[in-house]
Amino acid sequence: MLNHIVIMGRLARDPELRHTQTGTPVASFTLAVDRDFKDKNTGERQTDWIDVVAWRGTGEFVSRYFSKGRMAVVEGRLQIRDWTDKEGNKRRSAEVVADSVYFGDSRRDGDGGDRGGSYGGGYGAPSYGGGYGNNRPAAPAAPADYGIPSGGDQFSDLADDDGELPF
């Protein structure tokens, strides 16, 4: 079985850090994730509000370095919880349990100064000993025999694209 999810969006509110009775840190936050297509009638993109839970060091990292409006990339798994509300009604909630959380923007885009990096064991994860610098290596240049231009615009707009999905 496979349960792996990757989402990217902006934090709808500041992360809330709590601790369990045994002292385990857990952060919860909501990501506003825009859909890839526009509504046919309004021409606007719809937004999904996705609840995320990050445990232990990942939760502490998120609560320390992320705030409302900041772009985040979350890798994890989808979890469905059944619960009973105050009136005794059975309810169901979906949330993403984060394994790794990455910055989706630079601090210049958010609120000044670039820190880059991630936490949770993902690619480019920082160490506790050093700063939270962006440890990702630069992408290698494409060899000339691949036929890819070495600069300029490699993509062009489709003249007849009506924005409709083909299915």
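Cut-offs applied
Residues numbered from 1 in each chain as written. Predicted model: local features only at pLDDT ≥ 70, side-chain atom pairs only at ≥ 80, totals over all residues. Heavy atoms only, no water. Core = buried A, V, L, I, M, F, W, Y, C linked by side-chain atoms within 4.5 Å. Buried < 20%, exposed > 50% of the residue type's maximum accessible area, 1.4 Å probe, protein only. Helix = DSSP H or I, 4+ residues; strand = E, 2+ residues; numbered from the N terminus. Pairing = 2+ DSSP bridges. Phe/Tyr/Trp six-rings, centres within 6.5 Å; stacked < 30°, edge-to-face > 60°. Lys NZ or Arg CZ within 6 Å of the ring centre and 35° of its normal. pLDDT = per-residue confidence, 0-100. Contact = heavy atoms within 4.5 Å.

Chemist: So what about the nonpolar core? Which residues, and what values?
Modeler: The biggest cluster of nonpolar side chains holds 17 residues, and the ones touching the most others in it are Ile-7, Phe-29, Leu-31, Val-52, Phe-66, Val-74 and Val-101. Counting residues per element, the ones that place at least two in this core are β1 (5–11), β3 (25–38), β4 (45–55), α1 (56–65), β5 (71–84) and β6 (90–103). Broken down by element, this core gets its largest block of residues, four residues, from β6.

Chemist: Which residues make up the pairing of β1, and what are the values?
Modeler: Relative to β5, β1 is paired through six bridges, and the arrangement is antiparallel. Across the sheet, Ile-7 pairs through a bridge with Val-74, a residue of β5. Note: β1 against β3, two bridges, orientation antiparallel. Following the sheet pairing, Leu-11 is matched in β3 by Leu-31.

Chemist: I'd like a rundown of the pairing of β6, residues and numbers included.
Modeler: Bridge count for β4 against β6 is three bridges, and the pairing is parallel. In the sheet register, Val-53 faces β6, and the bridge partner there is Val-97. Judged from the 13 bridges that link them, β5 and β6 form a sheet pairing that is antiparallel. Looking at β6, one finds that Gly-76 is bridged to Ala-98. A loop of five residues connects β5 with β6, the two strands running antiparallel in sequence, and Gly-88 in this loop sits at a positive phi of about 90°.

Chemist: Give me the packing of aromatic side chains: which residues, what numbers.
Modeler: Evaluation of the coordinates by the stated rule reveals four aromatic pairs. Here Phe-61 and Phe-66 contribute two aromatic rings whose centre-to-centre distance is 5.9 Å and whose plane-to-plane angle is 75°, an arrangement assigned as edge-to-face. As far as burial versus exposure is concerned, Phe-61 and Phe-66 are alike and both buried. Across from the ring centre of Phe-66, 5.9 Å away, lies the NZ or CZ of Arg-70, which sits over that ring.

Chemist: Just give me the short version of the confidence of the model for the chain, but keep the residues and values in it.
Modeler: Of the residues in the chain, 63% reach a pLDDT of 70 or more, and the chain-wide mean stands at 77. In the predicted structure, residues 112–119 sits below a pLDDT of 50 and forms 36 contacts with residues beyond four places in sequence or in another chain.

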